[in-house]
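Inside the fold
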Amino acid sequence: MAGTVKAAILRGRKTVKTVVEEGRKKVENVVEGGLNTVETVVEVGLDTVETVVVKGRKRVQTAVHQGRKTVENALLHRVTMRAAILHGREDVRIEQVPVPRAAAGELVVRVGAALTCGTDLKVFRRGYHARMIVPPALFGHEQAGTVVEVGEGVADFEAGDHVVALNSAPCGKCYFCMRGQENLCDDLLFNNGAYAEFIKIPERIVAKNTLRIPENVPLEHAALTEPLACAVHGFEDSDPRKGDMIAVIGGGPLGLMILHVAALAGYETIAIVKHDGQAEAARQLGAVHIVQSATIRKAIQETRALTPNNRGVDIAIEAVGLPETWQEAVELARKGGTVNFFGGCAANTHVNLDTNRIHYSDITLRATFHHTPAICRKALALIAGGKFQAGAFITGRAHLYELNRVFEKLMNRSTEIKTAIVP
Ligand SMILES: [Zn+2]
Ligand SMILES: [Zn+2]
């Protein structure tokens with residue numbers, strides 16, 4: 001009997017164990033299966049979300065791209081645009097003119113910003129520029145913008161590119177071009193029409209003097225490439241040597257640019273300026289000394305007094321463009337020094353120079369005009385480099401319709417350096 005009871009208990013225990021074990025296994029299976037299912041669901045869900053995000057992004061990109069194209073096409077298929085036309089002395093009118101189209105080798109650029117310039121102001125006052133512009137004509141020459149039409153055969157640019165197309169390009173074939181003095185090219189081709197919604201860039205400028213703007217550079221800063229190229233050229237042409245003291249006469253846009261370029265290159269600079277605003281700008285742009293006197297004669301004396309033993313500066317750069325300032329600039333240089341007549345004077349003006357001073361003091365006299373393609377590239381690199389204070393040179397913004405008012409203000413010796421004209 002005892003054996004039967006024991007056996008029954010044992011059997012019962014085994015059954016219970018089996019039941020418990022099987023039950024546990026079933027639960028484990030269920031849990032595992034459940035986990036797997038949850039994981040699968042999560043994974044598939046993630047995949048689906050990713051796909052949706054990627055597709056969505058693509059769709060948005062396509063929409064943006066097409067939208068841009070549509071806008072560009074719409075702009076391009078406009079028949080007329082607003083543009084400033086120079087008719088004569090102090091006579092600039094904003095008119096509706098045909099939108100330019102790109103022939104083979106050409107580009108059409110939608111102007112992002114055009115900058116006012118001393119040369120334009122001179123042209124506005126005189127009504128023409130012998131070499132650059134004969135009225136009635138499109139006006140303005142410093143701009144940067146976006147390519148909207150690419151002529152046949154242009155491989156280097158496409159629609160949407162940000163570019164700065166310079167105001168001129170050399171022929172590359174004449175005596176001067178062959179000697180690397182492209183600024184003196186016998187056949188320098190000029191382009192005007194920056195004060196407009198669109199500007200056509202001729203084939204030669206597309207090929208030689210149109211530069212792609214790095215993405216981080218605002219268009220209005222890139223538009224400074226042309227004047228800055230002139231400034232860099234004037235500075236390098238003066239042949240500065242380490243430790244030189246450089247005086248720049250004139251606080252206009254170009255005087256300030258030369259000063260800034262010299263200061264960035266590590267030279268001790270003296271700014272000779274007229275107005276308080278110019279003195280303030282010169283200080284901000286790195287001038288070590290500022291001379292602000294009633295007359296140029298006094299300014300020269302005060303500047304010499306800043307040099308050791310009153311000996312004069314190593315390099316004097318005239319950036320005013322007046323015969324009397326040219327003459328005085330010669331008095332500023334030390335023995336063996338250099339004078340650069342950077343500022344262009346009116347036609348048919350002359351200067352009287354002290355022959356003895358020039359000969360016995362061994363003074364180098366030179367002048368710098370315009371720029372070369374290599375220097376234009378240097379100028380844009382300087383702007384993109386970040387140290388050059390591009391923003392300091394653009395002191396105002398105005399719509400194309402306000403162009404006349406802007407020039408009138410500039411004629412009245414305002415404190416503005418450059419105004420960005422936005423069409
Ligand atoms: Zn200019
Ligand atoms: Zn040439």
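Residues numbered from 1 in each chain as written. Chains lettered and ligands numbered in written order. Predicted model: local features only at pLDDT ≥ 70, side-chain atom pairs only at ≥ 80, totals over all residues.

An unreviewed UniProt entry lists the protein under the name Oxidoreductase, zinc-binding dehydrogenase family, with Candidatus Sulfuritelmatomonas gaucii given as the organism. According to its UniProt record, the protein has this under Sequence similarities (unreviewed entry): "Belongs to the zinc-containing alcohol dehydrogenase family." Quoted verbatim from the Cofactor (unreviewed entry) heading of the UniProt record, the comment on the protein is "Zn(2+)". (UniProt positions renumbered as here; feature names shortened; annotations may be inferred.)

Focus: the nonpolar core
In this structure, V109, V248, I258, A316 and I383 are the most contacted members of the largest nonpolar core, which totals 104 residues. Of the residues that make up this core, three or more belong to each of domain 1 (80-228 + 373-422) and domain 2 (239-366). Those residues in contact with V248 that lie beyond four places of it in its chain are G255, I258, L259, T269, A271, I272, I317 and A319. (Core = buried A, V, L, I, M, F, W, Y, C linked by C-beta atoms within 7 Å. Buried ≥ 20, exposed ≤ 12 C-beta atoms within 10 Å, placed from the backbone. Domains from an automatic or database assignment. Contact = placed C-beta atoms within 7 Å.)

Quick look at helix α9 (residues 296-305)
Along α9, the positions that sit buried rather than exposed are A299, I300 and T303. For α9, the angular spread of the buried residues around the axis is 100 degrees, confining them to a single face. Along α9, the residues that are exposed and aim more than 90 degrees away from the buried face are R297, K298 and A305. (Helix = DSSP H or I, 4+ residues; strand = E, 2+ residues; numbered from the N terminus. Arc of directions from axis to C-beta.)

A closer look at the pairing of strand β12 (residues 268-272)
On a regular strand, each side chain points to the face opposite its neighbour's, so the side chains alternate between the two faces of the sheet. With four of its five residues buried, β12 lies for the most part within the structure. Relative to β12, strand β11 (residues 245-249) is paired through five bridges, and the arrangement is parallel. Bridge assignment links M245 to a residue of β12, and that residue is E268. For the handedness criterion, the β-α-β arrangement of β11, helix α7 (residues 253-264) and β12 is classed as right-handed. Pairing between β12 and strand β13 (residues 289-291): three bridges, direction parallel. (Pairing = 2+ DSSP bridges. Right-handed = clockwise from strand over helix to strand, strands pointing away.)

Let's talk about the pairing of strand β18 (residues 418-422)
In terms of burial, β18 is a largely internal element, four of the five residues being buried. Here strand β3 (residues 107-115) runs beside β18; their pairing, made up of two bridges, is antiparallel. In the sheet register, A114 faces β18, and the bridge partner there is I421. One ladder, built from five bridges, connects strand β17 (residues 394-399) with β18; its direction is parallel.

Comments concerning the sheet that holds β12
Read from one edge to the other, the open sheet built from six strands follows the order β13-β12-β11-β14-β15-β16, with strand pairing classed as parallel. The open sheet has two edge strands with one neighbour each: β13 and β16 (364-366). Mean inter-strand twist for the sheet, computed between neighbouring axes without regard to direction, equals 15 degrees. When strand β15 (residues 333-341) meets β16, the two strands line up parallel, connected through three bridges. Bridged to N340 within β16 is R366. (Axes fitted to C-alpha atoms, helices over the stretch in contact; angles between N-to-C directions.)

Brief notes about α7
Along its twelve residues, α7 runs 16 Å from first to last C-alpha, staying within 8% of the 16 Å computed at 1.5 Å per residue. α7 sits mainly inside the fold: ten of its twelve residues count as buried. Here α7 has its buried residues at P253, L254, G255, L256, M257, I258, L259, H260, V261 and A262. (Expected span 1.5 Å × (residues − 1).)

Points about the UniProt feature "domain: Enoyl reductase (ER)" (unreviewed entry) in the protein
Mapped onto the present numbering, the UniProt feature "domain: Enoyl reductase (ER)" (unreviewed entry) falls at residues 88-421. Counting secondary structure, residues 88-421 comes out at 33% helix and 25% strand; the distance between its end C-alpha atoms is 20 Å.

A word on the domain arrangement of the protein
Assigned domains of the protein: these are domain 1 (80-228 + 373-422) and domain 2 (239-366). Between domain 1 and domain 2, the residue contacts involve eleven residues of the former and twelve residues of the latter. Taken together, the elements giving at least two residues each to the side of domain 1 that touches domain 2 come down to α6 (225-237) and α13 (390-393). Here the side of domain 1 that touches domain 2 is composed, by residue class, of six nonpolar, three polar and two charged. (Nonpolar A, V, L, I, M, F, W, Y, C, P; charged D, E, K, R; others polar.)

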